[in-house]
Amino acid sequence: MLKYLSITFVLLFSISAQAHHPEISADAVCDETTGEVNINYESWTWDSCDYYGGCGNTRIDILLNGVVIESNSFSEPDYRFSGSYPAPVGAQPGDSVSVTALAVDAWSNGTEGGQSRSTSVTIPDTCTNTSGTGRFTGGGHQIRVDAVRITRGFTLHCDLLLSNNLEINWKGNHFHMKEHMETVACTDDPDIIQAPPEAPVDTIVGVGQGHYNNEPGYTIEFTLVDAGEPGGDDQAAFKLYETANPANVIMEVPLQSITGGNIQAHADQPHK
Ligand SMILES: [Ca+2]
Ligand SMILES: [Ca+2]
């Protein structure tokens, strides 16, 4: 009898190991007063607490288009939480935005984390976001990552209202961003210490268009992370492709530590 019970226990435990995951629902809602789009989400534990006993989790990340924007936990009494976050700046009506809940920590019964569930929302016809908080600059020396250099210093604002500059050189090639199209996210990860200086954000993920070797019609996707001073922990990623033919990738550098220079996040500054 004891053996039978322990086998049953092992069986139940292995089922729960496969079964644990967060659930997610989300809506994109236009605030008619501010004209801004917010993404309202709710996440809850899939687990039946009575049955599996592992419904708690101390860290559930919420991601928009793959970028962590907030973290919370599943805890008593209802093992769920909800929140609201501005939709990506520059996203157009009809664009789809993915919303993901990811279990980062282990579940309360010891089951490892890593499970995720996603849904998507559509930017409404009635409004789009144009304002964001914070900006990023490259100070001091040229920023290097892999064989790619950001030259002339750059300025990238989280919103699309102010002037931006991004110029990249690699292996004799040149890209100059002419228009910052979309800020997918400007976020502050509590695990990343961006100071000095104090700044409300540490990561920018954006999309722009510009000239590749003086020819128009190219799109750049970029990620820049400020992880403090001097700059050795800062990270960058780039992907440059033909706008009309995204499969034609001209240059791609996955997210990695920069090997020279310094990325700095800042608070907004009154614009002249
Ligand atoms: Ca941070
Ligand atoms: Ca830095």
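All of these numbers come straight from a predicted model, not from anything done at the bench. (Residues numbered from 1 in each chain as written. Chains lettered and ligands numbered in written order. Predicted model: local features only at pLDDT ≥ 70, side-chain atom pairs only at ≥ 80, totals over all residues.)

1. Considering the overall build of the protein chain
Right, on to step 1. When its secondary structure is counted, the protein chain shows 2 helices and 16 strands.
Right, on to step 2. Along the three orthogonal principal directions, the C-alpha set of the protein chain runs to about 75 × 45 × 40 Å.
Right, on to step 3. Summarising the internal contacts of the protein chain: among those between residues at least 6 apart in sequence, 62% fall at separations of at least 24. (Helix = DSSP H or I, 4+ residues; strand = E, 2+ residues; numbered from the N terminus. Contact = placed C-beta atoms within 7 Å.)

2. Looking at the pairing of strand β3 (residues 57-64)
Right, on to step 1. Sheet topology places β3 next to strand β4 (residues 67-74); 6 bridges connect them, and they run antiparallel. Counted as the bridge partner of N57 is F74 from β4.
Right, on to step 2. Joining the antiparallel neighbours β3 and β4 is a turn of 2 residues, in which N65 adopts a positive phi near 45°.
Right, on to step 3. Strand direction decides the pairing type here: β3 and strand β6 (residues 96-103), joined by 5 bridges, are antiparallel. Within β6, the residue paired with I62 across the bridge is A101. (Pairing = 2+ DSSP bridges.)

3. Some thoughts on the sheet that holds strand β5 (residues 80-86)
In a beta sheet, neighbouring strands pair by backbone hydrogen bonds and run either parallel or antiparallel.
Right, on to step 1. What the 3 strands build is an open sheet, ordered β1-β2-β5; its pairing is antiparallel. Each of the sheet's edge strands pairs with one partner strand only, and the pair in question is β1 (22-31) and β5. On average, adjacent strands in this sheet sit at an angle of 20° to one another, irrespective of strand direction. (Axes fitted to C-alpha atoms, helices over the stretch in contact; angles between N-to-C directions.)

4. Regarding the domain arrangement of the protein chain
Right, on to step 1. Here the protein chain is described as being made up of domain 1 (2-122) and domain 2 (135-266).
Right, on to step 2. On a C-alpha basis, the centres of domain 1 and domain 2 stand 30 Å from each other.
Right, on to step 3. Listed as interface residues are 9 residues of domain 1 and, on the opposing side, 11 residues of domain 2.
Right, on to step 4. For the side of domain 1 that touches domain 2, the residue count by class is 7 nonpolar, 2 polar and no charged. (Domains from an automatic or database assignment. Nonpolar A, V, L, I, M, F, W, Y, C, P; charged D, E, K, R; others polar.)

5. Examining the confidence of the model for the protein chain
Right, on to step 1. Looking at the protein chain as a whole, its pLDDT mean stands at 86, while 90% of the residues score no less than 70.
Right, on to step 2. No element of the protein chain has a lower mean pLDDT than helix α1 (residues 2-19), at 48, and none a higher one than strand β7 (residues 116-122), at 97.
Right, on to step 3. With pLDDT under 50 throughout, residues 5-18 is counted as low confidence; its partners more than four residues away or in other chains account for 5 contacts. (pLDDT = per-residue confidence, 0-100.)

6. Some details on the sheet that holds β4
Right, on to step 1. In space, the 4 strands of this open sheet follow the order β4-β3-β6-β7, with antiparallel pairing throughout. Of all the strands in the sheet, the pair left with one neighbour each is β4 and β7. Taken over all neighbouring pairs, the strand axes of this sheet differ in orientation by 20° on average, direction set aside.

7. A few points about the pairing of β6
Right, on to step 1. Taken together, the 7 bridges between β6 and β7 define a ladder with antiparallel strand orientation. Paired with V99 across the two strands is T119, which belongs to β7.

8. Regarding unusual backbone geometry
Glycine aside, a negative phi is what most residues show, and trans is what most peptide bonds show.
Right, on to step 1. Residue A195 is joined to P196 through a cis peptide bond whose omega torsion reads -5°.
Right, on to step 2. Assignment of secondary structure puts P196 in the loop between β11 (173-187) and β12 (203-212).
Right, on to step 3. A cis amide bond, omega -10°, links P196 with the succeeding residue P197.
Right, on to step 4. Here P197 is to be found in the loop between β11 and β12.
Right, on to step 5. Phi at Y79 is positive, roughly 55°, even though this residue is not glycine.
Right, on to step 6. Examined against the element boundaries, Y79 turns out to sit in the loop between β4 and β5.
Right, on to step 7. For N214, which is not glycine, the phi torsion reads 70° and is therefore positive.
Right, on to step 8. Relative to the helices and strands, N214 is located in the loop between β12 and β13 (215-225).
Right, on to step 9. Taking the C-beta count within 10 Å as the criterion, N214 has 8 such neighbours and is therefore assigned exposed. (Buried ≥ 20, exposed ≤ 12 C-beta atoms within 10 Å, placed from the backbone.)

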